[in-house]
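# Summary of structural features
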Amino acid sequence: MKEKVLIVEDERQIARFLQLEFEHEGYEVKIAYDGVSGLKEALEGDYDIVLLDVMLPVIDGYEVLEKIREKSDIPVIMLTAKDQVKDKVKGLDIGADDYVTKPFSIEELFARVRAALRKKNLPSKRGVLKFADVVIDFNTYEVRRQGIKIDLTKKEFDLLEFLMRNAGIALSRERILQAVWGYEYYGDTNVVDVYIRFLRSKIDDPFDKKLIHTIRGVGYILRVDGNED
Ligand code: CA
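Residues numbered from 1 in each chain as written. Predicted model: local features only at pLDDT ≥ 70, side-chain atom pairs only at ≥ 80, totals over all residues. Heavy atoms only, no water.

## Notes on the domain arrangement of the protein chain
Definition in use: Where each domain starts and ends follows an automatic or database-derived domain assignment.
For the protein chain, the assigned domains are domain 1 (4-120) and domain 2 (128-222). On a C-alpha basis, the centres of domain 1 and domain 2 stand 31 Å from each other.

Encoded structure:
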């Protein structure tokens with residue numbers, strides 16, 4: 001099934017370019033040329049993701065985003081000509097999932113769209129995920145090891161889930177960063193080490209057997225035995 005992209009962009013050339021590129025990539029595309037019709041489409045259509053220009057006639061992209069967020073958690077990527085930190089922060093504060101700064105490369109935009117769609121598809125999972133004596137219950141979002149409940153922050157939870165879904169596989173910091181944080185092109189991989197430390201203090205340190213192992217020069221692996229560390 002094709003994923004549906006709504007492009008809200010008043011510059012017709014850019015809108016057309018994006019439409020052709022996304023259609024070529026296999027998406028179904030609809031364009032709205034101003035904030036009011038963009039908002040209407042976003043709320044009434046069944047889109048998978050919205051690409052939202054900031055500078056729009058009638059109501060601007062920030063206002064559109066605010067109104068979308070009152071009713072919907074559809075992924076939104078802001079297209080901004082402004083390269084100022086405060087503008088990026090403003091978009092993210094209001095609830096944008098990501099942003100790209102014009103001029104952007106189409107490959108970068110594709111990558112960000114894929115990342116946003118992956119994240120969107122995560123929370124709908126239900127049921128239970130097990131590895132060794134660790135259990136994640138997606139009905140309650142509880143984590144237990146040896147039956148003992150472990151309180152994790154959202155990011156620690158996401159990180160543990162990713163490690164468990166890829167148990168036995170060596171995961172680079174970059175790959176973990178992309179999967180859990182969704183940054184495709186930049187971002188400091190130190191954040192991965194910091195969160196692995198947090199997670200170890202809760203998942204590994206209180207218990208006999210370590211599950212999270214460091215692979216020097218690469219990243220991390222979740223497995224039951226191993227001689228690293
Ligand atoms: Ca514009």
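## A word on the packing of helix 6 (residues 154-165) against helix 7 (residues 173-181)
What describes two packed helices is the angle between their axes and the distance between those same axes. For clarity, the cut-off: Here, axes are lines fitted to C-alpha atoms. For helices the fit covers the stretch in contact, and angles between N-to-C directions go from 0 to 180 degrees. Helix and strand definitions follow DSSP, with helices as H or I runs of at least four residues and strands as E runs of at least two, each counted in order from the N terminus. An angle below 35 degrees is read as roughly parallel, one above 145 as roughly antiparallel, one from 65 to 115 as roughly perpendicular, and any other as oblique. Here a crossing is called left-handed whenever its near helix is offset anticlockwise from the far helix by less than a right angle, and right-handed whenever the offset is clockwise. Contacts are assigned to residue pairs that have any heavy atoms within 4.5 Å of one another. Three categories are distinguished: nonpolar for Ala, Val, Leu, Ile, Met, Phe, Trp, Tyr, Cys and Pro, charged for Asp, Glu, Lys and Arg, and polar for the others, with Gly belonging to the last.
Two elements in contact, helix 6 and helix 7, have axes whose closest approach is 10 Å; the angle formed by their N-to-C orientations is 120°. Viewed along their axes, helix 6 and helix 7 adopt a mutual orientation that is oblique. Once helix 6 is placed against helix 7, the crossing between them reads as right-handed. Mapping the contact onto sequence places K155, D158, L159, F162 and L163 in helix 6 and R175, I176, A179, V180 and W181 in helix 7. In terms of residue class, the contact of helix 6 with helix 7 is made up of seven nonpolar, no polar and three charged.

## Digging into the pattern of salt bridges
Short version of the rule: A carboxyl oxygen of Asp or Glu within 4 Å of a side-chain nitrogen of Lys or Arg is what we treat as a salt bridge. The cut-offs for exposure are 20% and 50% of the maximum accessible area for each residue type, with area from a 1.4 Å probe on protein chains only; residues under the lower value are buried, those over the upper are exposed, and the others partly exposed.
Under the criterion given, the structure shown has 18 salt bridges. Where E108 meets R112, a salt bridge forms, and the shortest distance between an N and an O atom there is 3.0 Å. Taken together, the residues E108 and R112, both in helix 5 (residues 106-121) and four residues apart, mark about one turn of the helix. Residue D133 is joined to R145 by a salt bridge in which the shortest nitrogen-to-oxygen separation is 2.8 Å. Of this pair, D133 sits in the loop between strand 6 (128-131) and strand 7 (134-137) while R145 sits in strand 8 (residues 142-145), placing them 12 residues apart in sequence. By relative accessible area, which is 1% here, R145 ends up buried.

## Quick look at helix 8 (residues 190-203)
Operational definition: The length a helix should cover is 1.5 Å for every residue beyond the first.
The terminal C-alpha atoms of helix 8, which comprises 14 residues, lie 20 Å apart, in line with the 20 Å expected from a rise of 1.5 Å per residue. Next to the buried residues of helix 8 lie strand 8, strand 9 (148-150), helix 6, helix 7, strand 11 (212-215) and strand 12 (219-222).

## Comments concerning the pairing of strand 7
Stated formally: Here, strands pair whenever DSSP counts at least two bridges between them.
Only one face of strand 7 is buried, namely the one carrying V134 and I136, since none of V135 and D137 on the opposite face is buried. In textbook terms, the turn of a hairpin is the stretch between consecutive antiparallel strands, and for strand 6 and strand 7 this stretch comprises two residues, one of which, A132, has a positive phi near 50°. As judged from the four bridges shared by strand 7 and strand 8, these two strands associate in the antiparallel manner. By the bridge assignment, V135 is partnered in strand 8 with R144. Here strand 7 folds back onto strand 8, and the loop between the two strands holds four residues, one of which, Y141, carries a positive phi near 55°.

## A look at the environment of Q146
Note on placement: Q146 falls in the loop between strand 8 and strand 9. Residue Q146 is classed as partly exposed on the basis of its relative accessible area, which comes to 48%. Distance in space between the C-alpha atoms of Q146 and F207 is 8.9 Å, their sequence separation being 61 residues. Apart from residues no more than four positions distant in its own chain, Q146 is found in contact with D133 and F207.

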